[in-house]
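In case you want the letters, here they are:
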Amino acid sequence: MLRWEATEVKEAATVDAAADIQGTSAPETVVPSSVPQPKDDFQEELVIRPLHSGDIYASFQFRTLWDTDFMRENKVSHYRLFPKSLGQVISKFSVRELHISFTQGYWRTMQWGQPFIPSPPGAELWVWFQDSVTDVDATWKELTNVLSGIFCASLNFIDSTNTVQPSASFKPLGLGNVTDHSFLRYATLPREIVCTENLTPWKKLLPCGSKAGLAVLLKSEKLFHSSFHSQAVHIRSVCQDWQCKTTSWELRQTLNSVFDLHNSGQTKREWSLFKMFSRTLTEACPLASSSKLYIDITDNPQGEQFELSPATSLLSQAVVLGDRRTFSVYDLTQETTFGTVRSLNLLIRWKSNEGEMLRPLLHAERYVAGYGLQTGEIHTLMYNNHPYRSFPVLLLDSVPWYLRLYIHTLSVTSKGKDNKPSYIHYEPSKDRVKPHLLEMLIQLPPNSVTEVTVQFERALLKWTEYPPDPNHGFYVGSSVISSLVPSTVAMHTNSTRERPLFSSFFPCKEESSYFVRIYTEPLLVNLPTPDFSMPYNVICLTCTVVAVGYGSLYNLLTRSFQIEEPNPGLAKRIANVIRRMRGVPPL
Amino acid sequence: MLCYTSLDILDIQWIWQFFSSGHTNNWAVLVCTSRFWFNYRHVANTLSVYRSVKRLGIPDSHIVLMLADDMACNHRNPKPATVFSHKNMELNVYGDDVEVDYRGYEVTVENFLRVLTGRLPPSTPRSKRLLSDDRSNILIYLTGHGGNGFLKFQDSEEISNVELADAFEQMWQKRRYNELLFIIDTCQGASMYERFYSPNIMALASSQVGEDSLSHQPDLAIGVHLMDRYTFYMLEFLEDIHPASKTNMNDLFKVCPKSQCVSTPGHRTDLFLRDPGSVLITDFFGSVRKVELTMDAINLTDPIKQMEEDPVNGEEQKEVYSYADQLPVSEIIHQKPKQKDWHPPDGFILGLWTLILLVFFKTYGIKHLKHIF
């Protein structure tokens, strides 16, 4: 029954999409006018990319497009594919763009290459508000509380002490002609944990839930037993067609995982959907207009490295991350993909272990140097691995107030020489109110390492401000490095061409370079912690001293002493009694 | 009135019982107050009660689950995303469909008392609130490390039995509960219910004052004790309950005798108005909905008018949108005007010295000039 209904909707949706492409203005009347024309569309895809170390990278993307206006006065009341909780958040808080991600683990760029959607460890939230918002800070605070309820995360810990307003980074990824950075807020919680309780509400936002389509593969026991797990929600407005006079809202839910070969207990290098997710695919989501599975076979053109089974004849090429990659495609909306067993368990078996990974052009590291609990130095290293081209990077650092940065010790050196940034924006911190914000635009010379160092001093917190486990340390959020990296192939600048979801996340304005954002490691810094048993010990000691010392003195001064005859022995008492009877004075 | 006469005695008794139990909805507040990996068993305790309560029908929207630390995705856990209650990993109480409302550092005495009394900041989401009314039966379960008269929260603060009793009294005065079942599994747990003074509270504890509650069994693969004894036997008891069972509270009082638990579980029913033998387990652990029939007619509001979708007016919209440039280098560089160092205006210092000398000589006379030059 469900399939019959879905087919009708799908037809109407594709007819509507076709009508849009042709540029007609009136809605098609395939469906009778009493039923509103569905203007939403859902696509899902999974990209599997084998990595050179034997691990495998799986990236899910679920995209819902909806042509509606959340900002009008009458509230939107009829939700179909777009989740109602997020729609209400957008209209209530006048959100222009929202990006939230939860990550466990750190993305190792040198071993795994560049991810399709980057994210820092912990939780990250950045939001662009509409121009109509008058008090951005109050709206931001309410928004974080509401999101903490939706995603079951402790996002209510985002307050002014870890929120910054970047002045040049994090330009909107969606449409918009005005970019006034006073409507942007960015916050990160490096300590936030991701677990099943965050995955459950995330899965509930999908139109098919976790019951059909690619989302059946999302089982928490396998997903969290991985080297890297990141789930994110991105909401923005996009062009409907090439003319870009009307916009629609796009909701992208992405999930990236890297499965470790040795961690999962395998000896041979062989991956299958069942080994990765403990499930196989049986059908596409009936509400999806496209449901595809891509396997990256660029390193395997003739099948000499690994073999895919079941084989597929569909191939697709896409330009992503500055490189032209070839993919084998499995279309889950076709019945033939599932074969006679009606389930798809993709198997990738390796034959040889050769091949080198393309070195990523941009890579960054960060660490704390120094010793002791008073001072230290933060070093950020940025590697430009291009042999002859230099490119600019924008470095954003947000350091909590309890690490007091000395900006006069800031130094940026490349190849041993001083490299003056062409733009520096620094906002000093205020104790217990706001963190440090440092943004710099640095030109990285070709084939070089650029080192940014700044010294800091650790503050002593008030004893109520320590968390229950202060000896774990305090986290400093990842630095964000945004850059335009030169590309080896021409990037596509036309944003409305039909292309897979993973290559259309960052908009491209020019063909010779592509935008990339990388995150460094978060830092774990020990602050000087007091001895928390100290008050108890002091009270015990002081009371003992007072009792013994003062007490003795008090007794000596206030007591009066009388001499007392000791009690005479029994014999003497009897003798005294006899003496008394005789009338003689006692002994 | 005519309809009553056609019913027989048994039906009338059933109808009166229907109206006398009193509650229409169920809530549960489940709190684990301990942090650190070696307190795995407290999280497993709380999750096993959560699992039973969900299985018997209370939905996630009516459960406030507070876990002070994350055991499932802890890096020490050899099986991520699982929390086991039985050794040899038989039963995963964490499951696939869990929603934790307060986690990590959010589990504090202040938040716990605010949830109970309802005094939360206005922007708190619904899933973090206890939206009970005067016909709600609430189950409150606490576990962690405790002592005589207090319960330790996260190794840094305590809640005392007096504070807890006062919170319940606030709840009573605001009519936030119909009946309340309080279960605590800590050392010297009975001390926590000694000070209650509000009506309609029934309390159970895993040990008396002066006794320690012991843990049940370790799992050698995970390396820590998995559950506490009292909650382990209570979980086994609850596994036999289904939404239609008629087991009453007297059976729950008998759970975990001294031979199994080593400590003596205690209970307190003097504040409870009904007889414990007539209170069903599902009155607190399950969500047996009672339906009230009404014979009145209700007027529906005006039907929601479907908004007429404006025809796509591509011709009228002049504004063309475009994507923002992600890294506009020249725009960024020229964003800030170059900070030039500020110099005082020309000749300023010279003029200043001339003024000083002039004033000096005016005051003291010209004859001092020879001392200067």
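Residues numbered from 1 in each chain as written. Chains lettered and ligands numbered in written order. Predicted model: local features only at pLDDT ≥ 70, side-chain atom pairs only at ≥ 80, totals over all residues. Heavy atoms only, no water.

*Asks:* What is the right way to look at the state of the cysteines in this model?
*Replies:* Cysteine pairs can be linked by a disulfide, which is a covalent bond between their two sulfur atoms. This model, assessed by the stated rule, comprises 4 disulfides over all chains. One disulfide in the model links Cys208 of chain A with Cys285 of chain A; its S-S distance is 1.8 Å. With the S-S dihedral at roughly 75°, the linkage between Cys208 of chain A and Cys285 of chain A falls on the right-handed side. Taken together, the residues span a long stretch of sequence, with Cys208 of chain A in the loop between helix H5 (196-204) and helix H6 (220-223) and Cys285 of chain A in the loop between helix H7 (273-277) and strand E10 (290-296) at a distance of 77 residues. Each sulfur of the disulfide joining Cys256 of chain B and Cys261 of chain B lies 1.7 Å from the other. Classification of the bridge connecting Cys256 of chain B and Cys261 of chain B rests on its S-S torsion, roughly 100°, and on that basis the disulfide is right-handed. The same class applies to Cys256 of chain B as to Cys261 of chain B, namely buried. Its sulfur unpaired, Cys540 of chain A is 7.1 Å from the next cysteine sulfur, which belongs to Cys543 of chain A. (Disulfide = S-S within 2.5 Å. Helix = DSSP H or I, 4+ residues; strand = E, 2+ residues; numbered from the N terminus. Buried < 20%, exposed > 50% of the residue type's maximum accessible area, 1.4 Å probe, protein only.)

*Asks:* Can you help me understand the environment of Ala459 of chain A in this one?
*Replies:* Topologically, Ala459 of chain A is positioned in the loop between strand E22 (448-458) and strand E23 (474-476). In this structure Ala459 of chain A touches Trp401, Tyr402, Arg404, Leu527 and Pro528 of chain A, once residues within four positions along its chain are discounted. (Contact = heavy atoms within 4.5 Å.)

*Asks:* Whenever I open this one, the sheet that holds strand E19 (residues 417-418) of chain A confuses me. Can you help?
*Replies:* Whenever strands of a sheet pair, they do so through backbone hydrogen bonds, lying parallel or antiparallel. Residue and element names in this part refer to chain A. Here 5 strands make up an open sheet; going across it, the order is E15-E16-E22-E18-E19 and the pairing antiparallel. Sheet topology places strand E15 (362-369) and E19 at the edges, where each strand pairs with a single neighbour. The pairing of strand E16 (residues 375-384) with E22 spans 10 bridges and is classified as antiparallel. Counterpart to Tyr383 in the pairing with E22 is Val449. (Pairing = 2+ DSSP bridges.)

*Asks:* Any chance you could explain H5 of chain A here in plain terms?
*Replies:* Each turn of an α-helix holds 3.6 residues, which means side chains three or four residues apart point in the same direction. Counting buried residues in H5 of chain A gives 8 out of 9 residues, a clear majority hidden from the surface. Turning to H5 of chain A, its buried residues are Thr196, Glu197, Asn198, Leu199, Thr200, Pro201, Trp202 and Lys203 of chain A. Turning to H5 of chain A, the residues buried within the fold contact strand E2 (56-66), helix H4 (136-151), H6, strand E7 (228-239) and strand E8 (247-259) of chain A together with strand E3 (102-103) of chain B.

*Asks:* When you look at the packing of helix H2 (residues 84-93) of chain A against H4 of chain A in this model, what are you seeing that I'm missing?
*Replies:* If you want to describe how two helices pack, look at the angle between their axes and the distance between the axes. All names here are of chain A. Following both chains from N to C, one finds H2 and H4 inclined at 175°, their axes separated by 11 Å at the closest point. As summarised for this structure, H2 and H4 are arranged roughly antiparallel, according to the angle between their axes. Contact with H2, carried on its side by Ser85, Val89, Lys92 and Phe93, involves Thr139, Glu142, Leu143, Val146 and Ile150 of H4 and no other residues of that element. A per-class count over the contact of H2 with H4 returns 5 nonpolar, 2 polar and 2 charged. (Axes fitted to C-alpha atoms, helices over the stretch in contact; angles between N-to-C directions. Parallel < 35°, antiparallel > 145°, perpendicular 65-115°, else oblique. Nonpolar A, V, L, I, M, F, W, Y, C, P; charged D, E, K, R; others polar.)

*Asks:* What exactly am I supposed to notice about helix H4 (residues 109-117) of chain B here?
*Replies:* Within H4 of chain B, the full set of buried residues consists of Val109, Phe112, Leu113, Val115, Leu116 and Thr117 of chain B. Trailing H4 of chain B by a residue or two, Gly118 of chain B shows a phi angle of about 85°, which is positive.

*Asks:* Just to check I follow, could you spell out the nonpolar core for this structure?
*Replies:* In summary, soluble globular proteins display a tendency toward joint burial of nonpolar side chains. Ranked by size, the top nonpolar core spans 172 residues in total, and within it Ile48 and Leu281 of chain A together with Leu47 and Phe285 of chain B carry the most contacts. Contacts of Ile48 of chain A, omitting those with residues within four sequence positions, involve Ile56, Tyr57, Leu273, Met276, Leu293, Tyr294, Ile295, Asp296, Leu346 and Ile348 of chain A. Phe112, Leu164, Tyr177 and Ala203 of chain B belong to the second-largest nonpolar core, a separate cluster that totals 38 residues. (Core = buried A, V, L, I, M, F, W, Y, C linked by side-chain atoms within 4.5 Å.)

*Asks:* Sorry if this is basic, but what is going on with the pattern of salt bridges here?
*Replies:* Pairing between side chains becomes possible if they bear opposite charge and their charged atoms approach one another. Residue and element names in this part refer to chain A. Going through the model one piece at a time under the given rule, you end up with 34 salt bridges over all chains. One salt bridge connects Asp469 with Arg191, and the closest N-O pair in it is separated by 3.4 Å. Of this pair, Asp469 sits in the loop between E22 and E23 while Arg191 is found in the loop between strand E6 (184-189) and H5, placing the two residues 278 residues apart along the sequence. Judged by relative accessible area, which is 30%, Arg191 ranks as partly exposed. (Salt bridge = Lys/Arg side-chain N within 4 Å of Asp/Glu carboxyl O.)

*Asks:* I would appreciate a short explanation of the UniProt feature "transmembrane region" (unreviewed entry) in chain B in the present structure.
*Replies:* Residues given the UniProt feature "transmembrane region" (unreviewed entry) here are residues 347-365 of chain B. Between the first and last C-alpha atoms of residues 347-365 of chain B the distance is 26 Å; the span itself is 89% helix and 0% strand. (UniProt positions renumbered as here; feature names shortened; annotations may be inferred.)

*Asks:* Would you take a moment to explain the sheet that holds strand E9 (residues 270-272) of chain A for this structure?
*Replies:* All names here are of chain A. Strands sit in the order E9-E14-E11 across an open sheet of 3 strands; the sheet is antiparallel. Every other strand in the sheet has two partners, leaving E9 and strand E11 (306-309) as the edge strands with one partner each. In this sheet, adjacent strand axes meet at a mean angle of 10° when their direction is disregarded.

*Asks:* Help me understand the UniProt feature "active site" (unreviewed entry) in chain B, please; the structure alone is not making it clear to me.
*Replies:* Residue and element names in this part refer to chain B. Following the UniProt record, one finds the feature "active site" (unreviewed entry) at His145 and Cys187. The largest pairwise C-alpha distance within this set of annotated residues, which runs over 43 residues, is 6.4 Å, so the set is compact in three dimensions. In contact with His145, other than residues within four places in its own chain, are Thr33, Ser34, Asn39, Arg41, His42, Leu151, Lys152 and Thr186. Polar side-chain contacts of His145 include one of 2.9 Å to the side chain of Asn39. For Cys187, the location among the structural elements is in the loop between strand E8 (179-185) and strand E9 (201-205). A relative accessible area of 18% means that Cys187 is categorised as buried. Not counting residues up to four positions away in its chain, the partners in contact with Cys187 are Gly146, Gly147, Ser207, Glu211, Asp212 and Ser213. (Polar contact = N/O pair within 3.5 Å; in protein donor to acceptor, adjacent residues only side chain to side chain.)

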